[in-house]
Amino acid sequence: MSAFQTSPGTRDILPPESARFRRFVDVFADLVEAAGYGLIIPPMFEDLGVFQRLGEATDVVTKEMYAFADRGGRQLALRPEQTASVVRAFVQHRPPTPWKAWYAGPNFRQERAQRGRYRQFDQVGIEILGADDPYLDVEVIALGWRFYAALGLRQVTLLLNSLGEPDDRARYTAALAAHFEANLDALSAESQQTLQRNPLRVLDSKRAQDAEIVAGAPHIADFYSDAAAAHFAAVQDGLGALDIPFVLDSKLVRGLDYYRRTTFEYQGATLDSAQNALGGGGRYDGLAEDLGGPATPGIGFALGVDRTLLACDDEGVFGPPPHAVDVFVVDTTGGREALMITDEVRAAGLRADRAYENRSMKSQMKAADRSGAAIAVLVGSDELAAGTVTVRPLRGDGEQRAVPRNELTSHLRKLLS
Ligand code: HAM
């Protein structure tokens, strides 16, 4: 074992997995940029206070934050998510609204690591500030849904809920607390603790002991104001208009405190239930004000890249990795020819690699095979003297040919087209 290993909950993403990772972000970027979202790149750490707004009673803030003081005594934290950063950026720069932003990058939470749950994990996401329109909620939810389809992932379930207006949510939370208090002795010790911090989170309990009491809990729908009910009805109507299937889940409270009204989650079918949320989001109309800005409605989602890629692997979404290069140059004359030929071939827009250290023909041909290249370009002393190269197809049944050195790139282009 080497002296240093990645620390728990972090990992190296190597080829070919890294290629899937990039493809994921590329597909997402194409989709959301075509829908009017611009890229935002917030810093990976900022003032701890920005993230405390995620909720004093959430695990993300109380147990999982990588918080630290720098040498100047500033209280900082590695971002556990990016919504708070994007809203802080909105408040700081005040761009015209509606402001539509997308992002991609790592986040940090000190969780118990397991398959699909890491301490450094990547998300892609979108946020829109400054528009309060139920059909915007639908656009946002639909973009996530269309993204999974574009990626080729099929087994995704959309869960939908509304937490009502803040007043509705407060009355509901009080009713929930009363219900759980009345059944306190029957609740698991963990849920009794959760109840003290945040009664809503007890609904998330997966413990068998809690199942009956959770099932008998009051329903949020009975607490909606007229405005919240109308907003939620319009969201459902819009999803219906776009033929996007959803499952109403009144227990979907999400793990962060800033949500109001619409919340949603995309669930995968192949991962363990504790890790099956592929992505999620909702409205957070109070967050901008909370961060010192003007009252501004907001909505967005974040999708977990690592986790979704696991689901893609389970479904066999990605075929074999694409060939790394088109052309492999084998040079037994010292390597100077290979240096020039790869440079020229790359400049012509083709993908080219070569062997180093002037190895034997046999060893270089092995490397050519391993590279996955379709064509080998061979230079030996005979070719060098004649001003030619030998072009040998490595796949299919094409014939090997001597080609004048100055016609190489046009010849390769023809072969590869
Ligand atoms: P979240 O539900 O905490 O929401 O995270 C969104 C997604 O990130 C999850 O569904 C999951 O796929 C992935 N994820 C979260 N934690 C981990 C982890 N430890 N390891 C691997 N993947 C993980 C948010 O972060 C909100 N900012 C979403 C949002 C955007 N709401 C409004 N706008």
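Notes on the structure follow.

What counts as what
Residues numbered from 1 in each chain as written. Predicted model: local features only at pLDDT ≥ 70, side-chain atom pairs only at ≥ 80, totals over all residues. Heavy atoms only, no water. Pairing = 2+ DSSP bridges. Helix = DSSP H or I, 4+ residues; strand = E, 2+ residues; numbered from the N terminus. Axes fitted to C-alpha atoms, helices over the stretch in contact; angles between N-to-C directions. 1 Å grid on protein atoms, 1.4 Å probe; cavity = no way out; pocket = protein on both sides within 12 Å on 5 of 7 lines; lining within 4 Å. Points joined across faces, edges and corners; volume = space filled by probe spheres on them. Nonpolar A, V, L, I, M, F, W, Y, C, P; charged D, E, K, R; others polar. Buried < 20%, exposed > 50% of the residue type's maximum accessible area, 1.4 Å probe, protein only. Core = buried A, V, L, I, M, F, W, Y, C linked by side-chain atoms within 4.5 Å. Salt bridge = Lys/Arg side-chain N within 4 Å of Asp/Glu carboxyl O. Near = heavy atom within 4 Å. Polar contact = N/O pair within 3.5 Å; in protein donor to acceptor, adjacent residues only side chain to side chain. Areas by Shrake-Rupley, 256 points an atom, 1.4 Å probe, with all protein chains shown as cover. Arc of directions from axis to C-beta. Contact = heavy atoms within 4.5 Å.

This brings us to the sheet that holds strand β2 (residues 45–47). Taking strand neighbours across the sheet as the criterion, the 3 strands line up as β2-β4-β3 in an open arrangement whose pairing is antiparallel. Taken across any chain shown, the strands that pair with only one partner, and hence form the sheet edges, are β2 and β3 (67–69). Between one strand axis and the next, the sheet turns by 35° as a mean value, whatever way the strands run. Where β2 meets strand β4 (residues 75–78), 3 bridges bridge the pair, whose relative direction is antiparallel.

Attention shifts here to empty space enclosed by the protein. Evaluated as defined, the whole model comprises 3 cavities of 30 Å³ or more. Looking at the largest cavity, the residues that line it are Tyr172, Leu203, Val214, Ala215, Ala217, Pro218, His219, Ser250 and Lys251. Along the lines of polarity and charge, the residues of the lining of the largest cavity split into 6 nonpolar, 2 polar and 1 charged.

Next up on the list: the pairing of strand β14 (residues 375–379). The buried fraction of β14 amounts to 5 of the 5 residues, a majority that puts the element mostly inside the structure. Judged from the 4 bridges that link them, β14 and strand β15 (residues 388–393) form a sheet pairing that is antiparallel. When the sheet's bridge partners are listed, Leu378 is paired in β15 with Thr390.

Our next topic: the sheet that holds strand β9 (residues 260–268). The strand order across the open sheet formed by 8 strands is β1-β5-β6-β11-β10-β9-β7-β8, and the pairing between neighbours is mixed. Both edges of this open sheet fall to β1 (38–39) and β8 (247–248), since each of them pairs with a single strand only.

Right, let's talk about the nonpolar core for a bit. Phe28, Ile126, Val140, Phe180, Tyr266 and Phe301 are the most contacted members of the largest nonpolar core, which totals 90 residues. For this core, the leading source of residues is helix α5 (residues 134–151), giving 10 residues. Counting 15 residues, the second largest nonpolar core, distinct from the first, contains Val329, Ile341, Val345 and Val377.

Our focus in this paragraph is the pattern of salt bridges. Throughout the structure, instances matching the rule amount to 24 salt bridges. With its nearest N and O atoms 3.0 Å apart, the salt bridge here joins Arg283 to Asp285. By the burial criterion, Arg283 is buried, and Asp285 matches it. A salt bridge links Arg359 to Glu357, with the shortest nitrogen-to-oxygen separation between them at 2.4 Å. By relative accessible area, which is 44% here, Arg359 ends up partly exposed. Using a relative accessible area of 62% as the deciding quantity, one classes Glu357 as exposed. Here the salt bridges do not stand alone but share partners, grouping Asp132, Asp137, Arg261, Arg283 and Asp285 into one network.

The environment of the ligand is formed by 27 residues, the closest being Glu81, Thr83, Glu111, Tyr118 and Tyr259. Interatomic distance of 3.1 Å between a side-chain N/O atom of Gln123 and an oxygen atom of the ligand. A distance of 3.4 Å separates an oxygen atom of the ligand from a polar backbone atom of Gly304. Considered on its own, the ligand offers 650 Å² of accessible surface; in the complex 95% of this is hidden by protein. Sorting the residues of the shell around the ligand by element identifies β6 (120–129), β10 (277–283) and β11 (298–304) as the ones contributing at least two each. With 6 residues, β10 is the largest single contributor of residues to the shell around the ligand. Looking at side-chain class alone, the shell around the ligand contains 11 nonpolar, 9 polar and 7 charged residues.

For the rest of this paragraph, the subject is the environment of Asp313. Its location among the elements puts Asp313 in helix α12 (residues 305–315). With 43 residues separating them along the chain, Asp313 and Thr270 place their C-alpha atoms 9.8 Å apart.

When we look at burial in helix α16 (residues 408–416), the residues that qualify are Leu408, Thr409, His411 and Leu412. Buried residues in α16, looked at end-on, bunch into an arc of 160°, giving them a common side. The inward-facing, buried residues of α16 contact β12 (327–331), α13 (336–347), β14, β15 and β16 (401–404).

Our next topic: the pairing of β4. Where β3 and β4 come together, 3 bridges link them in antiparallel fashion. Following the sheet pairing, Phe68 is matched in β4 by Leu76. What sits between β3 and β4 in their antiparallel hairpin is a turn of 5 residues, with Gly73 showing a positive phi close to 80°.

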